[in-house]
Amino acid sequence: MMMKNAASTEEFAELLRTVGLRVTQPRLAVLAELATHPHSTPEMVRRGVSKRLGSVSTQAIYDVLHALTKKELLHVISPTGSLHRYEIAHNDNHHHLVCRSCGAILDIPCAVGNAPCLEPSETHGYQVDEAEVIFWGHCPDCQEQS
């Protein structure tokens, strides 16, 4: 039931109810912020939510991010050398392209299709259900500047 595009407040409220979470203004604001600004750090989310709701504590943001991640409404990516980044989980088997210079992150579709789109050479008894890939390079703007 994940949304691919920006959703309305009521759609976010229904999503929260569906996973058994209370509908609160901070949770709605975090979802709205990440729908508008995917791949945000917790501080970026806090600033955006503060603009939407007024003052909000960093701890409150972390609590909401944790609750939404635990319910699999959010996905966390952790590019090496970067803070955790959050995005709304779309369950669409996409990967990420990260600029080594400016840190810009873009979604890119998996070339193979359904999850997991890659299989490890040895599973060691694990039942693999997802593969996470981060491609690294330099974005066009950073290439132009160097």
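Residues numbered from 1 in each chain as written. Predicted model: local features only at pLDDT ≥ 70, side-chain atom pairs only at ≥ 80, totals over all residues. Heavy atoms only, no water.

Undergrad: I'd love a proper account of the overall build of the chain, names of residues and values included.
TA: Summing up its helical and strand segments, the chain has 5 helices and 5 strands in all. Shown N-terminal to C-terminal, the secondary structure of the chain runs as helices and strands in the order α-α-α-α-β-β-β-β-β-α. Relative to its full complement of 146 residues, the chain shows a buried share of 38%. Expressed as a percentage of contacts within the chain between residues at least 6 apart in sequence, the contacts between residues at least 24 apart total 45%. Here the chain holds 12 positive side-chain charges and 17 negative ones, and the gap between their average locations is 10 Å. (Helix = DSSP H or I, 4+ residues; strand = E, 2+ residues; numbered from the N terminus. Buried < 20%, exposed > 50% of the residue type's maximum accessible area, 1.4 Å probe, protein only. Contact = heavy atoms within 4.5 Å. Lys, Arg positive; Asp, Glu negative; His and termini not counted. Charge placed at Lys NZ, Arg CZ, Asp CG, Glu CD.)

Undergrad: Account for the nonpolar core, with residues named and values stated.
TA: With 23 residues, the main nonpolar core has F12, V30, L34, L68 and L74 as its most contacted residues. Listed by contribution, the elements that provide at least two residues to this core are α1 (9–18), α2 (25–36), α3 (42–53), α4 (58–70) and β2 (85–88). Take this core: its biggest share by element is 6 residues, from α2. (Core = buried A, V, L, I, M, F, W, Y, C linked by side-chain atoms within 4.5 Å.)

Undergrad: Lay out the pattern of salt bridges with the relevant residues and their values.
TA: Inspection of every chain in the model, using the stated rule, returns 5 salt bridges. With a shortest N-O distance of 2.9 Å, E33 and R52 are connected by a salt bridge. Of the two residues, E33 is situated in helix α2 and R52 in helix α3; the sequence distance between them amounts to 19 residues. With relative accessibility at 41%, the residue R52 sits in the partly exposed group. Ionic pairing is found between R47 and E43, a salt bridge with its closest N-O pair at 3.7 Å. Of this pair, R47 and E43 both sit in helix α3, 4 residues apart, which is roughly one turn of the helix. Taking the relative accessible area as the measure of exposure, R47 reaches 43% and is therefore partly exposed. A network of salt bridges, in which partner residues are shared, links E10, E14 and R17. (Salt bridge = Lys/Arg side-chain N within 4 Å of Asp/Glu carboxyl O.)

Undergrad: Can you explain α4? Please cite residues and give values.
TA: Relative to the 18 Å expected for 13 residues at 1.5 Å per residue, α4 spans 18 Å between its end C-alpha atoms, a close match to the ideal helical length. Regarding α4, the residues found buried are I61, V64, L65, A67 and L68. The buried residues of α4 occupy an angular sector of 165 degrees when the element is viewed end-on, so they sit on one face. Among the exposed residues of α4, those oriented more than 90 degrees off its buried face are Q59, H66 and K70. The inward-facing, buried residues of α4 abut α1, α2, α3, β1 (74–77) and β2. The first or second residue beyond α4 is E72, which carries a positive phi of 65 degrees. (Expected span 1.5 Å × (residues − 1). Arc of directions from axis to C-beta.)

Undergrad: Which residues make up the packing of α3 against α4, and what values go with them?
TA: Viewed as axis vectors pointing N to C, α3 and α4 meet at an angle of 110 degrees, and their least axial separation amounts to 10 Å. Here α3 lies roughly perpendicular to α4, going by the angle between them. Note that α3 runs across α4; the crossing there is right-handed. Touching P42, V45, R46 and V49 of α3 are T58, I61, Y62 and L65, all from α4. Of the residues that constitute the contact of α3 with α4, the class distribution is 6 nonpolar, 1 polar and 1 charged. (Axes fitted to C-alpha atoms, helices over the stretch in contact; angles between N-to-C directions. Parallel < 35°, antiparallel > 145°, perpendicular 65-115°, else oblique. Left-handed = near helix turned anticlockwise from the far one by under 90°. Nonpolar A, V, L, I, M, F, W, Y, C, P; charged D, E, K, R; others polar.)

Undergrad: Tell me about the sheet that holds strand β5 (residues 134–137), and name the residues and values.
TA: Spatially, the 3 strands line up as an open sheet ordered β4-β3-β5, and their pairing is mixed. Of all the strands in the sheet, the pair left with one neighbour each is β4 (105–109) and β5. Each strand axis lies, on average, 30 degrees off the axis of its neighbour in the sheet, ignoring direction. Summarising the sheet, strand β3 (residues 94–99) and β4 pair through 5 bridges and their orientation is antiparallel. Within β4, the position partnered with H95 by the bridge is I108. (Pairing = 2+ DSSP bridges.)

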